[in-house]
Amino acid sequence: MASDDEAAKVDQPTTVDAAPVAGPGPAPLRPPVPEPAGERWIPVDMYPPDPSQVPAQRTAPKPPHQPRHAAPEDVLESPGGGLARRERLSRAMARPGTRFLLPTVLIIGLLAAAGSVGLWVIPATSSAQADPTRSAAPPEGTAGLPPATGAPATGEAPQPSDPTPSGSGSYSPPAGTHQRPADIYGGWAGARSVKLGIPVVALQAYGYAEAVTARTIPKCHLTWTTLAGIGKVESDHGQTNGSVLQDDGRSVPPIVGPPLDGQNNRQAVPDTDQGALDNDRTWDRAVGPMQFLPSTWKQFGLDADGDGVSDINNIYDAALTAAAYLCADGRDLATLEGWNAAIHAYNVPEQYRAAVFNATNDYGRRDHQN
């Protein structure tokens, strides 16, 4: 407690109220307060005060009057107003028990709110994942792979404009014309070319190959969308590396792959045709819009455009040959197992099969869109 001599010095306010304060932690800093002569006034909101320092029957000075027109003090100064509430809250927070009670209540409230949100969010998420029509992100390392069951989507079967197509590779065009067998699918291909981004010539070749295969190897169930998927991956339908697919079905300049010399993860395939198809007498190369090896073309090559020549660089001949190769060994491409076996026979890597599946599936779905 301050001495009587010090209490008498009213004109010399102290800079820090240094009265001892009970309770944990250091005493809070307070601005100097004017003291009446003979005794020291301690603010009423200073808790907890030292009982030995509180004079008997002391009250806080009356606050100065403020004009009502300056602010809504009638609300702030009312018994239930903001100032009164803040003063009561300040006193309550100073109590040791309240310091721990309010954070505890706040934590409990947050946990309850989180639980309520969880009850709403978790069922919604679960129902979305359970919906088979919604696609989820594939697991790491499986991006681009098809679903576990089911072959890729197929497009509508080609409908020829000629009411009596022969549907076979032995079709002969009318005398004096340059009509090809696949030209009967010009209307069908023309209606889809822009939507699918496939040249009309290539679509005619794929559609004609499906029609011939359906008549000659009906158990294969080959569709034009599978041929289009392979054509997309192999050469962008005869247009890769600056080549242009001509109206006669040939790509100009011819499409020839890199040498199969065992470098850069390529197979090592020594030359089998003396460079007759790929102009390489050392190593074989994949040739044409469907990228056949010379040895495979020698075994399966067909003439689909009726010119008497099986041309590896002609997309009509190449598409029909690819159909025969995919259907070999009794494969049924209507099943996922048979479809996968056919694509792996065409090219081994799993990444290749996935790429062809995605392209095939995309064409099938887009063909059914309006």
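This one's a predicted model, so the numbers in the text were calculated from it and none came from an experiment.

1. Quick notes on the overall build of the chain
Helix and strand counts for the chain stand at twelve helices and two strands. For the chain, the N- to C-terminal ordering of α and β elements is α-α-α-α-α-α-α-α-β-β-α-α-α-α. Taken across its 370 residues, the chain has 34% of its residues classed as buried. Look at the contacts in the chain between residues 6 or more apart in sequence, and 55% of them connect residues 24 or more apart.

2. Considering the pattern of salt bridges
One pass over the full model with this rule turns up ten salt bridges. Ionic pairing is found between Asp-367 and Arg-192, a salt bridge with its closest N-O pair at 2.7 Å. Highlighted residues: Asp-367 in helix H12 (residues 350-368) and Arg-192 in the loop between helix H5 (186-190) and helix H6 (193-196), separated in sequence by 175 residues. As a salt-bridge pair, Arg-285 and Asp-280 come within 2.8 Å of each other at their nearest N and O atoms. Given a relative accessible area of 9%, Asp-280 falls into the buried group. Three or more residues joined by partner-sharing salt bridges are found here, namely Glu-156, Arg-192 and Asp-367.

3. Section: the packing of helix H11 (residues 336-346) against H12
Two numbers describe how H11 lies on H12: the axes approach to 9 Å, and their chain directions differ by 120°. Accordingly, the angle class assigned to the pair H11 and H12 is oblique. The crossing of H11 and H12 is right-handed. Between H11, through Leu-336, Trp-339, Asn-340, Ile-343, His-344 and Tyr-346, and H12, the contact on the second element is made entirely by Glu-350, Tyr-352, Arg-353, Val-356, Phe-357 and Thr-360. The residue makeup of the contact of H11 with H12, split by class, is seven nonpolar, three polar and two charged.

4. What about the packing of helix H8 (residues 224-235) against H12?
Across the interface, H8 lies against H12 with an axial gap of 8 Å and an inter-helix angle of 125°. Between H8 and H12, the angle falls in the class oblique. The handedness of the crossing between H8 and H12 comes out as right-handed. Contacts between H8 and H12 involve Trp-224, Thr-225, Thr-226, Ala-228, Gly-229, Ile-230, Lys-232, Val-233 and Glu-234 from the former and Tyr-352, Ala-355, Val-356, Ala-359, Thr-360, Tyr-363, Gly-364 and Asp-367 from the latter.

5. Things to note about the environment of Leu-245
By the element assignment, Leu-245 lies in strand S1 (residues 244-245). For Leu-245, a relative accessible area of 12% translates into the label buried. For Leu-245 and Pro-199, which are 46 residues apart along the polypeptide, the C-alpha to C-alpha distance reads 8.0 Å.

6. Some words on the nonpolar core
In this structure, Tyr-206, Leu-326 and Tyr-346 are the most contacted members of the largest nonpolar core, which totals 51 residues. Put simply, the parts of the chain that give this core at least two residues each are H5, helix H7 (200-216), H8, helix H9 (294-300), helix H10 (315-326), H11 and H12.

7. Some words on unusual backbone geometry
With an omega of -5°, the peptide bond between Val-252 and Pro-253 qualifies as cis. The phi angle at His-237 is positive, at roughly 60°, despite the residue not being glycine. Examined against the element boundaries, His-237 turns out to sit in the loop between H8 and S1. By relative accessible area, which is 0% here, His-237 ends up buried. Although it is not a glycine, Gln-274 adopts a positive phi angle of roughly 55°. Within the element layout of this structure, Gln-274 appears in the loop between strand S2 (251-252) and H9. Judged by relative accessible area, Gln-274 falls into the exposed class, the value being 52%.

8. Some remarks on the packing of aromatic side chains
For the structure shown, the criterion picks out eight aromatic pairs. Note on Phe-292 and Tyr-346: the rings are 5.7 Å apart at their centroids and 55° apart in plane angle, and the pair reads as tilted. In this pair, Phe-292 is assigned in the loop between S2 and H9 and Tyr-346 in helix H11, connecting sequence segments 54 residues apart. Among the aromatic residues, ring-to-ring pairing joins Phe-292, Trp-297, Phe-300, Tyr-325 and Tyr-346 into one connected group.

9. Brief notes about the side chain of Thr-296
Summarising the element assignment, Thr-296 is placed in helix H9. Those residues in contact with Thr-296, other than ones at most four positions away along the chain, are Gly-301 and Tyr-325.

10. As for the side chain of Thr-360
Note that Thr-360 resides in helix H12. A distance of 3.4 Å separates the side chain of Thr-360 from the backbone oxygen of Thr-225, its partner in a polar contact. If we ignore the near neighbours within four places in the chain, the residues touching Thr-360 are Pro-152, Ala-153, Thr-225, Thr-226, Gly-229 and Trp-339.

11. Quick word on the confidence of the model for the chain
Close inspection of predicted coordinates is inappropriate in any region flagged by low pLDDT. This prediction gives the chain a mean pLDDT of 72; 54% of its residues lie at or above 70. Contacts from residues 38-49, a stretch scored under 50 in pLDDT, to residues over four places away or in other chains number 28 contacts. A low-confidence stretch, residues 114-148 (pLDDT under 50), is modelled with 13 contacts involving residues beyond four sequence positions or located in other chains.

Thresholds applied
Residues numbered from 1 in each chain as written. Predicted model: local features only at pLDDT ≥ 70, side-chain atom pairs only at ≥ 80, totals over all residues. Heavy atoms only, no water. Helix = DSSP H or I, 4+ residues; strand = E, 2+ residues; numbered from the N terminus. Buried < 20%, exposed > 50% of the residue type's maximum accessible area, 1.4 Å probe, protein only. Contact = heavy atoms within 4.5 Å. Salt bridge = Lys/Arg side-chain N within 4 Å of Asp/Glu carboxyl O. Axes fitted to C-alpha atoms, helices over the stretch in contact; angles between N-to-C directions. Parallel < 35°, antiparallel > 145°, perpendicular 65-115°, else oblique. Left-handed = near helix turned anticlockwise from the far one by under 90°. Nonpolar A, V, L, I, M, F, W, Y, C, P; charged D, E, K, R; others polar. Core = buried A, V, L, I, M, F, W, Y, C linked by side-chain atoms within 4.5 Å. Phe/Tyr/Trp six-rings, centres within 6.5 Å; stacked < 30°, edge-to-face > 60°. Polar contact = N/O pair within 3.5 Å; in protein donor to acceptor, adjacent residues only side chain to side chain. pLDDT = per-residue confidence, 0-100.

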